[in-house]
Amino acid sequence: MLYPRIGIRPVIDGRWGGVRESLEEHTMAMANAAAKLISETLKYPDGTPVQCVISSTTIGGGAEAAKCEEEFSTQNVVATLSVTRCWCYGSETFDMNPNTIKAVWGFNGTERPGAVYLAAVMAAHAQRGLPAFSIYGKDVQDINDHSIPEDVKEKILRFARSAVAVGWMKNKSYVNIGGISMGIAGSYCNADFFQKYLGIRPEWVDMTEIVRRITLEIYDKDEYEKALAWIKANCKEGFDVNAGKNLPDIIRKSKVVNPDKDWEFIAKMTIIVNDILYGNKKLDELGWHEEALGKNAVAGGFQGQRQWTDWLPNADFTEAIMASTFNWNGTKAPTAFATENDNLNGASMLLGTLLTASAPCFHDVRTYWSPEACERVTGVKPEGKAKDGFIHLINSGATALDGSGAAKDENGESCMKPFWEMTEADVNACLEATDWCRANYEYFRGGGFSSHFRCKAEMPVTMLRINIVEGIGPVMQIAEGYTANLPDEAHTPIDKRTDPTWPTTWFAPKLTGEGAFKDVYSVMANWGANHGVTVYGHVGADLITLASMLRIPVNMHNVPEDKIFRPHAWAAFGTEDSQAADYKACEKYGPIYK
């Protein structure tokens with residue numbers, strides 16, 4: 001594939017006769033250092049290093065700017081980082097391509113006025129309607145110092161990481177398998193949002209396509225046998241919540257797949273869903289040429305409830321294993337794949353996993369538990385991360401197995417990892433932490449199995465969600481926090497108050513004492529939908545940068561102000577209220593794909 005690349009533009013004072021010549025070596029060294037930092041630190045979702053393209057010439061004026069643009073035009077450059085150590089000619093040297101995301105790193109040194117150029121070119125970008133990110137180190141460096149200060153590194157990497165996410169999504173598809181689940185607003189796929197804000201082509205596939213492919217055996221039978229054997233060896237069954245129930249006739253007669261055959265059906269369904277999204281060359285060999293192509297997907301979702309689950313096994317295993325960092329073939333890149341085809345949560349899963357490379361965990365944002373309520377119901381007053389209260393995150397049967405927190409880092413601490421760092425021990429630990437409870441027939445008449453685990457780890461995570469608001473468009477919510485571990489005597493009675501076959505995570509957001517993060521109740525009260533996504537780590541600052549690139553305003557977050565990195569022009573919309581300025585700027589500039 002042609003990977004999205006970061007273009008490095010070494011910008012220089014155009015005056016020949018001593019000035020330019022004295023800066024050539026230093027300027028190219030600056031460009032090479034930036035490219036080296038990006039490529040040695042960041043990876044694409046497939047685990048390969050992010051690629052940079054450096055202009056073959058320094059850029060002292062319009063002719064060389066045009067030559068650089070010509071070079072970049074064939075390299076799928078999604079974003080440019082202009083670097084300079086000196087004064088340059090602003091509007092003659094800047095990146096004026098309206099289709100690239102832009103940043104400028106101006107060297108902080110007293111010998112040459114890099115800061116003056118940075119300010120001038122930011123003014124040019126703002127005046128021409130081409131917003132750019134401004135990067136300028138806090139500490140003065142010597143002219144022959146080619147190192148990158150830590151604060152500059154942080155901004156370069158945040159910019160590049162977010163820009164690569166934008167480029168990775170572009171021209172791929174979100175595959176809606178089925179339609180709208182139970183009237184959930186997020187299941188209504190807004191094609192304009194996906195096209196204009198993410199550069200993604202929405203596609204629709206009826207759920208009957210899965211039945212067709214099972215019936216006509218349009219799948220790799222060797223792959224099926226491998227998957228089924230792995231499931232039987234690694235996916236231990238949990239309790240059957242239906243045991244002993246006198247179920248009404250309408251439920252009993254709706255189970256058309258024999259319970260003993262559920263896993264066989266589910267294995268086929270999972271392989272077929274993956275084929276629909278990504279294609280499969282083996283199908284071409286079998287004579288199914290159209291099916292072999294796939295949908296060029298980057299994400300997807302499955303409607304399930306109720307037209308499917310009222311008579312066929314649910315897709316909980318499919319959804320959980322698609323989003324995990326492993327399956328029967330070993331470790332793999334996670335796929336953002338939404339339960340109930342909540343495609344706004346699917347888009348949130350996608351943005352989260354593109355920034356972190358960790359598995360995106362889909363949740364119902366179920367219940368706020370105050371310390372007092374917890375103590376009243378269980379007799380236990382929560383402590384540690386949960387001391388101020390917590391939110392019950394639980395999905396209707398499908399969450400990435402990585403969300404169990406069973407993987408361990410080099411210090412033996414629970415974590416979630418990119419797939420290329422997952423060890424065999426990590427995979428086995430996640431499988432061991434999960435059992436598969438037979439689906440509750442009262443909810444899922446067609447049966448199936450739900451991933452069931454309890455996240456006992458205390459990990460840093462970030463919860464996010466995109467919502468669409470009439471009159472505004474898409475908005476993003478961000479809540480950094482921690483998974484919490486409740487003692488058994490608190491966990492068990494609370495967990496049993498809802499469906500006990502589903503995976504549970506206790507979430508404690510970081511509080512600021514203000515606004516939506518005044519307390520845990522306020523976080524719950526201000527959350528915009530019934531679903532949310534968690535990804536590993538505190539990545540709210542990265543999400544804010546990415547949202548600004550996509551022109552999606554952020555309506556609540558708990559990220560420290562000094563970590564917020566948006567285009568420099570956002571300050572022109574107001575500096576006292578950064579949230580209001582974000583809204584105004586996003587409205588003014590509009591989505592990046594108009």
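Look a little higher up for the structure.
Structural notes, computed from the coordinates. Counting from 1, residues in each chain are numbered in the order their sequence is written. The model is predicted, so local features are restricted to residues of pLDDT at least 70 and side-chain atom pairs to those at 80 or more, both for listing and for counting; the totals for chains, interfaces and linings are taken over all residues. Think of the side-chain values as coming from all heavy atoms in the structure, minus any hydrogens and water.

1. What about the pairing of strand S20 (residues 473-484)?
The side chains of a regular strand alternate, first on one face of the sheet and then on the other.
Next up, step 1: With 11 of its 12 residues buried, S20 lies for the most part within the structure.
Next up, step 2: Whether two strands pair comes down to DSSP finding at least two bridges between them. Note on conventions: DSSP H or I runs of at least 4 residues are helices, E runs of at least 2 residues are strands, and numbering of each starts at the N terminus. Between strand S19 (residues 460-469) and S20, which pair antiparallel in sequence order, lie 3 residues; one of them, Gly471, sits at a positive phi of approximately 90 degrees. The buried label applies to any residue whose accessible area, calculated with a 1.4 Å probe on protein chains only, is under 20% of its type's maximum; exposed applies above 50%, and partly exposed to all values in between.

2. Quick word on the side chain of Ser55
Next up, step 1: Structurally, the position occupied by Ser55 is in the loop between strand S2 (52-54) and helix H2 (62-72).
Next up, step 2: As used in this structure description, the phrase polar contact means that two N or O atoms lie within 3.5 Å; if the pair is within protein, one of them must be able to donate a hydrogen and the other to accept it, and residues adjacent in sequence are counted only when both atoms belong to side chains. Within polar-contact distance, the side chain of Ser55 engages the backbone oxygen of Thr57 at 2.7 Å.

3. Considering the packing of aromatic side chains
Two descriptors summarise a pair of aromatic rings, namely the distance from one centre to the other and the angle between the planes of the rings.
Next up, step 1: Within 6.5 Å between ring centres, the rings of Phe, Tyr and Trp (the latter by its six-membered ring) count as paired, and their orientation is classed by plane angle as stacked under 30 degrees, edge-to-face over 60, tilted in between. Counting across every chain of the model gives 23 aromatic pairs.
Next up, step 2: Between Trp263 and Phe317, the ring centres sit 5.5 Å apart and the planes meet at 85 degrees, which makes this aromatic pair edge-to-face. Taken together, the residues span a long stretch of sequence, with Trp263 in helix H10 (residues 262-278) and Phe317 in helix H13 (residues 316-323) at a distance of 54 residues. Per residue, the accessibility class of Trp263 equals that of Phe317, and both read buried.
Next up, step 3: Clustering of aromatic rings is evident, with ring pairs tying together Tyr174, Phe193, Phe194 and Tyr197.

4. Brief notes about the nonpolar core
Next up, step 1: Counting residues in hydrophobic clusters, the biggest one holds 82 residues, and the most contacted among them are Ile6, Leu81, Trp105, Ile156, Phe193 and Met476.
Next up, step 2: Dropping the residues within four chain positions of it, Ile6 is found in contact with Ile38, Val50, Gln51, Cys52, Val53, Val77, Ala79, Ala160, Ala163 and Val164.
Next up, step 3: Only buried residues count toward a nonpolar core. Its members are Ala, Val, Leu, Ile, Met, Phe, Trp, Tyr and Cys residues joined through side-chain atoms within 4.5 Å. Ranked by size, the runner-up nonpolar core spans 46 residues in total, among them Met207, Ile210, Trp230 and Phe317. Throughout, a residue-residue contact means that at least one pair of heavy atoms, one from each residue, lies within 4.5 Å.

5. Quick word on the sheet that holds strand S1 (residues 5-10)
Next up, step 1: Read across the sheet, 5 strands follow the order S2-S1-S3-S4-S5 without closing on themselves; strand pairing throughout is parallel. The open sheet has two free edges, formed respectively by S2 and strand S5 (132-135), since each of these has just one partner strand. Averaged over all neighbouring strand pairs, the angle between strand axes comes to 20 degrees, with direction disregarded.
Next up, step 2: For strand S3 (residues 77-84) and strand S4 (residues 101-106), the ladder comprises 6 bridges, and the chain directions are parallel. Paired with Ser82 across the strands is Val104, a residue of S4. Think of each axis as a best-fit line through the C-alpha atoms, taken over the contacting stretch in the case of a helix, with angles from 0 to 180 degrees between the N-to-C directions.

6. Observations concerning helix H7 (residues 208-215)
Next up, step 1: Buried residues of H7: Glu209, Ile210, Arg213 and Ile214, and no others. Buried residues in H7, looked at end-on, bunch into an arc of 135 degrees, giving them a common side. Every exposed residue of H7 that faces more than 90 degrees away from the buried side is listed here: Thr208 and Thr215.
Next up, step 2: As for H7, its buried residues are in contact with strand S6 (173-177), strand S7 (201-205), H10, helix H11 (281-285), helix H12 (289-293) and strand S9 (297-302).
Next up, step 3: One or two positions beyond H7, positive phi appears at Glu217, with a value near 55 degrees. The arc in question is the one spanned by the directions pointing from the helix axis to the C-beta atoms.

7. Focus on the sheet that holds S6
Next up, step 1: Read from one edge of the open sheet, 4 strands run S7-S6-S9-S12, paired in parallel fashion. Two strands lie at the open edges of the sheet, namely S7 and strand S12 (336-339), each paired on one side alone. On average, each strand axis in the sheet is tilted by 20 degrees relative to the strand beside it, whichever way the strands run.
Next up, step 2: As defined by bridge partners, S9 adjoins S12 across 4 bridges and the pair is classed as parallel. By the bridge assignment for S12, Phe302 is matched with Thr339.

8. Quick notes on the pattern of salt bridges
Next up, step 1: Salt bridge criterion: a side-chain nitrogen from Lys or Arg within 4 Å of a carboxyl oxygen from Asp or Glu. Summed over the entire model, instances satisfying the criterion amount to 32 salt bridges.
Next up, step 2: One salt bridge connects Glu209 with Arg213, and the closest N-O pair in it is separated by 2.7 Å. On the criterion of helical spacing, the pair formed by Glu209 and Arg213 is a turn pair, its members being 4 residues apart in helix H7.
Next up, step 3: Note that Asp262 and Lys255 form a salt bridge whose closest N and O atoms lie 2.8 Å from each other. Each member of the pair Asp262 and Lys255 is classed as buried.
Next up, step 4: One network of salt bridges, in which partners are shared, links Glu154, Arg158, Arg161, Asp542 and Lys563.

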